Amino acid sequence: MSEGIYAAVSEDFIRRMRNWAKAGAGLLRGGGGQVSSIYRGGVRIDRYVNTEPPLLRGEADDTDAALLAVPIRYRQAVRQFWQYEGQPLRWQARHLRPGLKHHTFEIWVIQGHELLRAALAVRSAGYRVRSLANATRASNSA
């Protein structure tokens, strides 16, 4: 039912938002992920392979800061969608606001994603300008 939402964003954006949702769940605060039971039992399994992508604290912080530039209606819908990813849109819409139609929720999420991508682009451009200015200052003083 949320295929329209996923179709409107890139794989990299999906990865970014999943990283942000994991960070919001507290996985980054504890040192970067959940501890597996293999470390508790005293038995070491060398064949253990973690296939999940690493959690990126800086990217999650940037995403969180960029979300603050998104109007509240869309920000809440985007947060709801990614924090409860996998739940049906009808459930998410009711959970966000009682009586909210799932079609309206879907539109808010899609529009929120567009606004978030624009806010991330502005932040990225700001980083580039600051790093270029710092590089210019460093070369002028050398």
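Rules and cut-offs
Residues numbered from 1 in each chain as written. Predicted model: local features only at pLDDT ≥ 70, side-chain atom pairs only at ≥ 80, totals over all residues. Heavy atoms only, no water. Phe/Tyr/Trp six-rings, centres within 6.5 Å; stacked < 30°, edge-to-face > 60°. Helix = DSSP H or I, 4+ residues; strand = E, 2+ residues; numbered from the N terminus. Buried < 20%, exposed > 50% of the residue type's maximum accessible area, 1.4 Å probe, protein only. Contact = heavy atoms within 4.5 Å. Salt bridge = Lys/Arg side-chain N within 4 Å of Asp/Glu carboxyl O. Axes fitted to C-alpha atoms, helices over the stretch in contact; angles between N-to-C directions. Parallel < 35°, antiparallel > 145°, perpendicular 65-115°, else oblique. Nonpolar A, V, L, I, M, F, W, Y, C, P; charged D, E, K, R; others polar.

Q: Can you explain the packing of aromatic side chains? Please cite residues and give values.
A: Under the counting rule described, the total for this entry stands at four aromatic pairs. With a centroid separation of 5.6 Å and 55 degrees between ring planes, the pair formed by Y6 and F81 is classed as tilted. Of this pair, Y6 sits in helix α1 (residues 3–7) while F81 sits in helix α4 (residues 72–83), placing them 75 residues apart in sequence. A relative accessible area of 2% places F81 in the buried class. Measuring from centroid to centroid gives 6.0 Å for Y6 and W82, while their planes differ by 80 degrees, and the two rings are edge-to-face. On the criterion of sequence distance, the pair formed by Y6 in helix α1 and W82 in helix α4 is long-range, its members being 76 residues apart. A residue is classified by how much of its surface remains accessible, and Y6, at 24% relative accessible area, is partly exposed. For W82, a relative accessible area of 3% translates into the label buried.

Q: Talk me through the side chain of T63; I want residue IDs and the actual numbers.
A: Inspection of the secondary structure assignment puts T63 in helix α3 (residues 57–67). Residue T63 is classed as buried on the basis of its relative accessible area of 0%. What T63 contacts, discounting residues up to four positions off in sequence, is R16, M17, W20, L116 and L120.

Q: Before we move on, could you go through the pattern of salt bridges and cite the residues and values that matter?
A: Scanning all chains against the criterion turns up five salt bridges. E85 is the salt-bridge partner of R18, the closest N and O atoms lying 2.8 Å from each other. Separated by 67 residues along the polypeptide, R18 in helix α2 (residues 11–24) and E85 in the loop between α4 and α5 (89–96) bring together distant segments of the chain. The partly exposed category is assigned to R18, whose relative accessible area is 39%. Owing to a relative accessible area of 27%, E85 belongs among the partly exposed residues under this scheme. Residues D64 and R79 are paired through a salt bridge, measuring 3.7 Å at the closest nitrogen-oxygen approach. Taken together, the positions of D64 in helix α3 and R79 in helix α4 put the pair 15 residues apart, joining distant regions of the chain. Within this structure, D12, R15 and E59 form a network of salt bridges that share partners.

Q: Any chance you could break down the packing of α2 against α4 for me, citing the residues and the numbers?
A: Taken N-terminus to C-terminus, the directions of α2 and α4 make an angle of 85 degrees; their axes are 9 Å apart at the nearest point. Taken as axis vectors, α2 and α4 run roughly perpendicular relative to one another. Between α2, through I14, M17, R18, W20 and A21, and α4, the contact on the second element is made entirely by V78, R79, W82 and Q83. Considered class by class, the residues forming the contact of α2 with α4 number six nonpolar, one polar and two charged.

Shape descriptors only; they carry no functional weight alone.
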